[in-house]
Amino acid sequence: MITWENYEEYMVMHADGELLPEQEQALMSFLYEHPDLQAELTAFTMTKMVPDTTETYALKDTLLRPETAAKPVVMALPLWRRYAVAAAVVAMLAVPGYRYMMQPSVTNGQEYGAVAVNTGKTLPVAGNNNPATVATATSAAEQVTHVGANSPAVAAVATLPAAQSRPVRATRTTKAVRVGTTNTPRTTADSRVLAIAATDISPLEVVATQPIKISEKNFVPVVTNTLPLAIEYTESNDESVAAGSLLDKVPMSDTRRNGMKSFVADVATGYSRVSNVTQEIAQASLSFKIGKKQLKVSF
Amino acid sequence: MDAKQYNTCVREWADALFRFAWKCTGQQDDANDVVQGAFEVLWQKKEEVPAEKGKAFLFQVAYRQSVDNFRKRSRVVFKEAPEEHYSPSNPDLKKVLDRALAQLDERARALVLLKDYEGYSYEEIGRITNLNESQVKVYLFRARKTLKDYLVSVENVI
């Protein structure tokens with residue numbers, strides 16, 4: 001309740017805008033009853049200070065702090081991490097496969113290879129001085145997958161003596177030649193890569209190519225793909241074992257195998273992109289602007 | 001609060017803080033020191049101060065530096081507005097109010113400025129000045145009454 005003892009307090013609170021609506025109403029009623037106090041309320045209201053906005057702090061810029069301190073490095077790290085992870089994944093997948101694919105196959109101290117010349121014919125690779133080889137050559141159980149053309153590897157192994165060659169039936173190629181060296185320890189007994197005919201594509205692309213399964217019972221040589229593929233020679237009595245690319249050796253469903261091949265192809269593409277980016281980064285110098293400082297990173 | 005939010009506080013509140021400190025200390029140089037000191041403290045404690053509390057924190061530091069520093073120096077010297085001859089033809093209320101403000105002690109002056117310049121409520125002023133709401137209400141009442149009496153006396157002179 002507003003009285004003569006506390007009305008000034010209400011007036012101050014009115015000037016400060018702290019009165020509740022009902023208190024405001026009570027004050028107005030009190031002033032209505034005592035209109036001579038209206039001037040005093042106006043005087044209290046006039047004590048409100050108004051800031052002069054033209055008075056500004058001139059040294060404001062000296063208070064500002066750099067906002068990008070160490071942020072470029074933090075922001076760059078995720079990008080580098082992505083490249084690093086991508087490169088690591090590609091390396092983990094590519095390096096072992098590459099080494100495996102490039103490892104020369106040895107059979108009885110000989111390496112075998114073939115050359116695809118797209119003639120549409122299938123020829124035995126060679127080897128007629130070895131009785132065992134001849135016997136094998138006449139057998140339909142011999143399984144061979146294809147070849148690559150005009151590769152240095154083929155050229156290098158083409159100098160092998162024909163007497164030590166094995167009969168090989170090329171399926172996707174029209175002409176198969178023996179490639180390899182002598183006196184090399186035997187590596188695997190059942191299956192081995194005869195050669196990789198690398199032309200213009202990388203080993204990863206070789207891995208990514210479609211494998212060819214050959215059944216010796218209904219063996220029909222058909223040239224379906226001129227791209228070089230890994231040649232594998234399967235020396236096994238199991239006729240159901242078909243030669244193919246690396247992925248064909250892994251026991252899995254065709255659907256999963258195709259998916260894996262697609263994945264390998266994607267990895268090869270990513271590897272190529274990462275390599276290009278890496279080369280570009282190596283050739284160029286990166287620079288980050290941290291505040292007013294320019295940070296240059298050279299490789 | 002990060003560096004960006006700190007800089008936002010600088011851009012938004014440096015001028016208001018400077019005006020507040022200038023009115024509190026009465027000296028522009030002291031006001032510059034108060035502003036710099038307040039923002040320096042804010043920068044040092046930016047990890048502990050949320051961005052939305054930046055303004056209140058700045059005024060709290062500025063209030064302490066203005067009031068406490070004046071108490072330590074024992075030099076409550078307010079640069080009063082120059083004496084002028086007030087006539088009906090020159091009723092500059094702002095200058096009269098500045099002179100009236102000089103009549104207040106540093107704490108009452110700070111409370112009035114926090115209320116009028118920044119629009120803080122009694123409760124918010126209490127948090128900034130470390131006073132309870134009743135104390136703020138009492139101090140502001142006395143300050144308003146002093147200012148009103150000064151205005152009335154000037155008008156009577158006029």
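Values in this document were obtained by computation on a predicted structure and should not be read as measured data.

### Overview of the side chain of asparagine 6 of chain A
Within the secondary structure, asparagine 6 of chain A is located in the segment before α1 (7–16). Reaching out from asparagine 6 of chain A, the side chain makes a polar contact with the backbone oxygen of methionine 1 of chain A at a distance of 3.0 Å.

### With respect to the interface of chain A and chain B
On the side of chain B, 39 residues touch chain A, which itself brings 27 residues to the contact. Contact with chain B buries surface across chain A, with Met49, Tyr57 and Arg65 of chain A losing the most and accounting together for 23% of the total. Taken together, the connections running from chain A to chain B amount to nine salt bridges. Put simply, lysine 48 of chain A and aspartate 116 of chain B hold a salt bridge, and the shortest N to O gap is 3.2 Å. One can count 19 residue pairs in polar contact (both at pLDDT 80 or more) joining chain A with chain B. For the side of chain A that touches chain B, the elements supplying multiple residues, two or more each, are α1, α3 (38–46) and α4 (60–63) of chain A. No other element matches α1 of chain A, which puts five residues into the side of chain A that touches chain B. Of the residues assigned to the side of chain A that touches chain B, the class counts are 13 nonpolar, three polar and eleven charged.

### Notes on a nonpolar patch on the surface
Together, Val85, Val89, Met92, Leu93 and Phe263 of chain A give the surface a local cluster of nonpolar side chains, amounting to about 470 Å² of exposed area. Positionally, phenylalanine 263 of chain A belongs in helix α10 (residues 254–283).

### Observations concerning the packing of aromatic side chains
Inspection of every chain in the model, using the stated rule, returns nine aromatic pairs over all chains. Seen in terms of ring centroids, tryptophan 4 of chain A and tyrosine 7 of chain A are 5.7 Å apart; in terms of plane orientation they differ by 80°. Their pairing is edge-to-face. Given a relative accessible area of 10%, tyrosine 7 of chain A falls into the buried group. Relative to phenylalanine 30 of chain A, the ring of tyrosine 7 of chain A lies with its centre 6.1 Å away and its plane at 25°, an arrangement referred to as stacked. Taken together, the residues tyrosine 7 of chain A in helix α1 and phenylalanine 30 of chain A in helix α2 (residues 21–33) connect sequence positions 23 residues apart. Each residue in the set Trp4, Tyr7 and Phe30 of chain A is aromatic and connected to the rest through ring pairs, giving one cluster. Cation over ring: lysine 46 of chain B sits above tryptophan 43 of chain B, and NZ or CZ is 4.0 Å from the ring centre.

### Re the nonpolar core
Residues and elements named next belong to chain B. Residues Phe20, Phe39 and Leu42 are the most contacted members of the largest nonpolar core, which totals 66 residues. Ranked by residue count, the leading element in this core is helix α1 (residues 3–25), at eleven residues. Ignoring anything within four residues of it in the chain, the contact list for leucine 42 reads Met1, Tyr6, Cys9, Val49, Phe57 and Leu58.

### What to know about α2 of chain A
Residues and elements named next belong to chain A. With 13 residues, α2 should cover 18 Å at 1.5 Å per step; its first-to-last C-alpha distance of 19 Å lies within 8% of that length. Within the sequence span of α2, burial applies to Leu27, Phe30 and Leu31. Projected down its long axis, α2 carries its buried residues within an arc of 100°, all on one side. Turned more than 90 degrees away from the buried face of α2, the exposed residues are Pro21, Glu22, Gln25, Tyr32 and Glu33. Packing partners of the buried residues in α2 comprise α1 and α3.

### Comments concerning the confidence of the model for chain A
Residues and elements named next belong to chain A. With 46% of its residues at a pLDDT of 70 or more, chain A shows a mean pLDDT of 64. Across residues 106–208 the pLDDT falls below 50, and counting only partners more than four positions away or on other chains, this stretch makes 286 contacts in the model. Segment residues 226–244 is flagged for pLDDT under 50; beyond a separation of four residues in sequence, or across chains, it makes 90 contacts in the model.

### Observations concerning the pattern of salt bridges
In this structure the tally under the stated criterion is 17 salt bridges over all chains. The closest approach of N and O atoms between arginine 257 of chain A and aspartate 254 of chain A, which form a salt bridge, is 3.0 Å. Highlighted residues: arginine 257 of chain A and aspartate 254 of chain A, both in helix α10, separated by three residues, approximately one helical turn. Residue class for arginine 257 of chain A comes out buried when judged on its relative accessible area of 5%. The residue aspartate 149 of chain B makes a salt bridge to lysine 148 of chain B at a minimum N-O spacing of 3.3 Å. When salt bridges with common partners are traced through the structure, they connect Asp16 and Lys48 of chain A together with Asp116 and Arg144 of chain B into a single cluster.

### Focus: the environment of leucine 101 of chain B
You can see leucine 101 of chain B is positioned in helix α4 (residues 93–101). Along the primary structure leucine 101 of chain B and arginine 144 of chain B are separated by 43 residues, whereas in three dimensions their C-alpha atoms are 9.7 Å apart. Apart from the residues within four sequence positions on either side, leucine 101 of chain B is in contact with Met49 of chain A together with Lys23, Arg109, Val112, Leu113 and Leu147 of chain B.

Parameters at a glance
- Residues numbered from 1 in each chain as written.
- Chains lettered and ligands numbered in written order.
- Predicted model: local features only at pLDDT ≥ 70, side-chain atom pairs only at ≥ 80, totals over all residues.
- Heavy atoms only, no water.
- Helix = DSSP H or I, 4+ residues; strand = E, 2+ residues; numbered from the N terminus.
- Polar contact = N/O pair within 3.5 Å; in protein donor to acceptor, adjacent residues only side chain to side chain.
- Contact = heavy atoms within 4.5 Å.
- Buried area = accessible area lost by both parts, 1.4 Å probe.
- Salt bridge = Lys/Arg side-chain N within 4 Å of Asp/Glu carboxyl O.
- Nonpolar A, V, L, I, M, F, W, Y, C, P; charged D, E, K, R; others polar.
- Patch = residues over 30% accessible without salt bridge, like charges linked within 9 Å, V, L, I, M, F, W, Y side chains within 5 Å.
- Areas by Shrake-Rupley, 256 points an atom, 1.4 Å probe, with all protein chains shown as cover.
- Phe/Tyr/Trp six-rings, centres within 6.5 Å; stacked < 30°, edge-to-face > 60°.
- Buried < 20%, exposed > 50% of the residue type's maximum accessible area, 1.4 Å probe, protein only.
- Lys NZ or Arg CZ within 6 Å of the ring centre and 35° of its normal.
- Core = buried A, V, L, I, M, F, W, Y, C linked by side-chain atoms within 4.5 Å.
- Expected span 1.5 Å × (residues − 1).
- Arc of directions from axis to C-beta.
- pLDDT = per-residue confidence, 0-100.

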